[in-house]
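Here is what each chain is made of, one letter per residue.
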Amino acid sequence: MIHQLLLQVPAAAATVKSTVTDTAKAIAVTAAPPDTKISLLDLIMKGGVIMIPLGILSILSVYLIIERYIFIKRASRSGKNFLNSMKDVMKSNNIEAAKALCKNADNPQARMLAKGISKIGMPYKDIEDAMENVGRIEVYGLEKNLNVLGIIAGIAPMFGFIGTILGVIKIFYNISLANNISIGLIAGGLYEKMITSAAGLSIGIFSFIAFHWLNIMVNKTIQKMEIVSIEFLDMLQENQKTAN
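Model, not experiment: these values are computed from the prediction.

### Examining the overall build of the protein
For the protein, the helix and strand inventory stands at nine helices and zero strands. Ordered by position from N to C terminus, the α and β elements of the protein give α-α-α-α-α-α-α-α-α. Of the contacts formed within the protein by residues at least 6 apart in sequence, a portion of 80% connects residues at least 24 apart. A total accessible area of about 16,000 Å² is found for the protein, and carbon and sulfur atoms account for 66% of it.

### Quick look at the nonpolar core
One broad rule of soluble globular proteins: the nonpolar side chains tend to lie buried together. Counting residues in hydrophobic clusters, the biggest one holds 42 residues, and the most contacted among them are M86, M90, L113 and F232. When residues of this core are traced back to their parent elements, those giving at least two are α3 (51-75), α4 (79-91), α5 (95-105), α6 (108-118), α7 (124-143), α8 (146-178) and α9 (183-243).

### Some points on the packing of aromatic side chains
One pass over the full model with this rule turns up one aromatic pair. Judged by centre distance (5.4 Å) and plane angle (20°), the ring pair of Y69 and W213 falls under stacked. Residue Y69 is located in helix α3, and its partner W213 is located in helix α9; the two are separated by 144 residues in the primary sequence. On the accessibility criterion, Y69 (31% relative accessible area) is partly exposed. The exposure class of W213 is partly exposed, given its relative accessible area of 40%. Between the NZ or CZ atom of R68 and the centre of the ring of F71, over which it lies, the distance is 4.5 Å.

### Brief notes about the environment of M51
Structurally, M51 is set in helix α3. Of the residues examined, M51 reaches a relative accessible area of 13% and is grouped as buried. Between the C-alpha atom of M51 and that of G163, which follows or precedes it by 112 residues, the distance is 8.1 Å.

### Considerations on the side chain of T221
Along the chain, T221 turns up in helix α9. In this structure, T221 is in contact with I72, A75, S76 and L142, ignoring residues within four places of it in sequence.

### Concerning the side chain of S197
Its place among the elements puts S197 in helix α9. Reaching out from S197, the side chain makes a polar contact with the backbone oxygen of G160 at a distance of 3.4 Å. Those residues in contact with S197 that sit more than four places away from it in its chain are G160, F161 and T164.

### Considering α7
Within an α-helix, residues lying three or four positions from one another point in the same direction, as the helix has 3.6 residues per turn. Over its 20 residues, α7 runs 29 Å from end to end, which matches the ideal 28 Å to within 8%, given 1.5 Å per residue. Looking at α7, one finds that the buried residues are I127, A130, M131, V134, G135, E138, V139, G141 and L142. Immediately beyond the C-terminal end of α7, within one or two residues, lies N145, with a positive phi of roughly 70°.

### Looking at unusual backbone geometry
Unlike most non-glycine residues, N145 shows phi in positive territory, near 70°. Here N145 shows up in the loop between α7 and α8. Look at N145 and you get partly exposed, because its relative accessible area is 31%.

### As for a nonpolar patch on the surface
A contiguous nonpolar patch, built from F161, I162, I165, L166, I169, L201, I205, F208 and I209 and spanning about 890 Å² of accessible area, is present on the exposed surface. Here the nonpolar patch takes five residues from α8, the largest share from any one element.

Cut-offs and rules
Residues numbered from 1 in each chain as written. Predicted model: local features only at pLDDT ≥ 70, side-chain atom pairs only at ≥ 80, totals over all residues. Heavy atoms only, no water. Helix = DSSP H or I, 4+ residues; strand = E, 2+ residues; numbered from the N terminus. Contact = heavy atoms within 4.5 Å. Areas by Shrake-Rupley, 256 points an atom, 1.4 Å probe, with all protein chains shown as cover. Core = buried A, V, L, I, M, F, W, Y, C linked by side-chain atoms within 4.5 Å. Buried < 20%, exposed > 50% of the residue type's maximum accessible area, 1.4 Å probe, protein only. Phe/Tyr/Trp six-rings, centres within 6.5 Å; stacked < 30°, edge-to-face > 60°. Lys NZ or Arg CZ within 6 Å of the ring centre and 35° of its normal. Polar contact = N/O pair within 3.5 Å; in protein donor to acceptor, adjacent residues only side chain to side chain. Expected span 1.5 Å × (residues − 1). Patch = residues over 30% accessible without salt bridge, like charges linked within 9 Å, V, L, I, M, F, W, Y side chains within 5 Å. Salt bridge = Lys/Arg side-chain N within 4 Å of Asp/Glu carboxyl O.

Function-wise, these values are silent; they only describe arrangement.
What follows is the structure, given as structure tokens:
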């Protein structure tokens, strides 16, 4: 009898060990976190309907940034070579060559000088006023649509916050219907609605930086226009003194 009991002890221990091992494995499988990977597209889709206007604002912002950058970059070209060539033809009083030089340059500085050249022979003040008028028009062209980019920088975060607020309202409405406050119910819905805030802030920050960066480029171009204008008017005065 005792001998049989002694033989059964190792078998029972092995059974208990096997049971404990299986239980631990089952707990480990149960406790393993689910696959939390999510694609960017799925994340955007979870933002809801408010992501549509945010998407439109982002596309419009990128378009305006690229279009304004190319336009302003092209307008800022000319520099010292153009001005030096203009000085040479003005010293020789070759008006036709000066007009041709401005036409070939095709930039704000050249168009402004072309207006001044067309007024040569008129009083100095009239030439200066005519060039200033053309300069204002050129500056308006450089700044075109920059205000729209500034508006996007301001309203994109607002759209994001509206999406989040609407999502929170929906969450609490669902809680009132379920008559149950669940962490899963609150957190699951809230993180989805915070996507709109993140998207709105990202678009706003990006547009805000681009807006000021493009304005810096515009100011540099305006400064070049002022320098060219001053030097051209100085050349006219020197030529008038020489002629007298």
